[in-house]
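Structural overview for review
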Amino acid sequence: MDKPTHLIEYETMLLGRHRPSVFLRAEREGGHLDRSAYTLLSRIGLEGPMSIGQLSEAFGLDASTLNRQTSAMLRAGLVERIPDPEGGIARKFRITAEGERCLNDERAANIRSLERVLADWTPAEVAAFAACLQRFNADIERLAGKPWPRP
């Protein structure tokens, strides 16, 4: 760990390892979306209705993976298929009221879990970490050519 980038690599590996244990607590509090549904609903919530092609472009996933994920979300009543509001031929996925409720509940449980982790941090430390994390993600998105919309 002689370079900061080595430490960042190691700590991001640990973050991926710790994330499930921190957010499992959120599931016990009422959240119940799997990671793919949470991420897809978040994106559709920010962008509005999206087709499989648009989701494929946004996530860099093949259509068969997205068909499987969106089919599960349709069965759960989290999304619905609608005609393209702009008149295109592809049908789009739109979040249902149930999907919106589940997404909001999951996000609130995740935030409560994060607040427990960060309970001993000062507000300035939390703000600095949030700013660095946002910049880190934005730079990854810039290099990948796939910016993620932000609220």
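Structure: above.
This report concerns the structure included in the present document. As the structure is a computational prediction, the values presented were derived from the model and not from experiment. (Residues numbered from 1 in each chain as written. Predicted model: local features only at pLDDT ≥ 70, side-chain atom pairs only at ≥ 80, totals over all residues. Heavy atoms only, no water.)

1. Concerning the side chain of Lys92
Considering the arrangement of structural elements, one finds Lys92 in strand 2 (residues 92-95). A polar contact is formed between the side chain of Lys92 and the side chain of Glu86, at a distance of 3.3 Å. (Helix = DSSP H or I, 4+ residues; strand = E, 2+ residues; numbered from the N terminus. Polar contact = N/O pair within 3.5 Å; in protein donor to acceptor, adjacent residues only side chain to side chain.)

2. Digging into a nonpolar patch on the surface
On the surface, Ile8, Trp121, Phe129, Leu133, Phe136 and Ile140 cluster together into a nonpolar patch covering about 530 Å² of accessible area. Ranked by the residues each element gives to the nonpolar patch, the list is headed by helix 6 (residues 123-144), at 4 residues. Relative to the elements of secondary structure, Phe129 occurs in helix 6. (Patch = residues over 30% accessible without salt bridge, like charges linked within 9 Å, V, L, I, M, F, W, Y side chains within 5 Å. Areas by Shrake-Rupley, 256 points an atom, 1.4 Å probe, with all protein chains shown as cover. Salt bridge = Lys/Arg side-chain N within 4 Å of Asp/Glu carboxyl O.)

3. Considering the layout of surface pockets
The calculated volume of the largest pocket comes to roughly 2400 Å³. Lining the largest pocket are 44 residues, with Leu15, Arg19, Leu114, Leu133 and Asn137 sitting closest to its centre. Looking at the lining of the largest pocket, the elements that each hand over two or more residues are helix 1 (4-28), helix 2 (35-47), helix 5 (97-117) and helix 6. Of the residues contributing to the lining of the largest pocket, the split by class is 26 nonpolar, 9 polar and 9 charged. (1 Å grid on protein atoms, 1.4 Å probe; cavity = no way out; pocket = protein on both sides within 12 Å on 5 of 7 lines; lining within 4 Å. Points joined across faces, edges and corners; volume = space filled by probe spheres on them. Nonpolar A, V, L, I, M, F, W, Y, C, P; charged D, E, K, R; others polar.)

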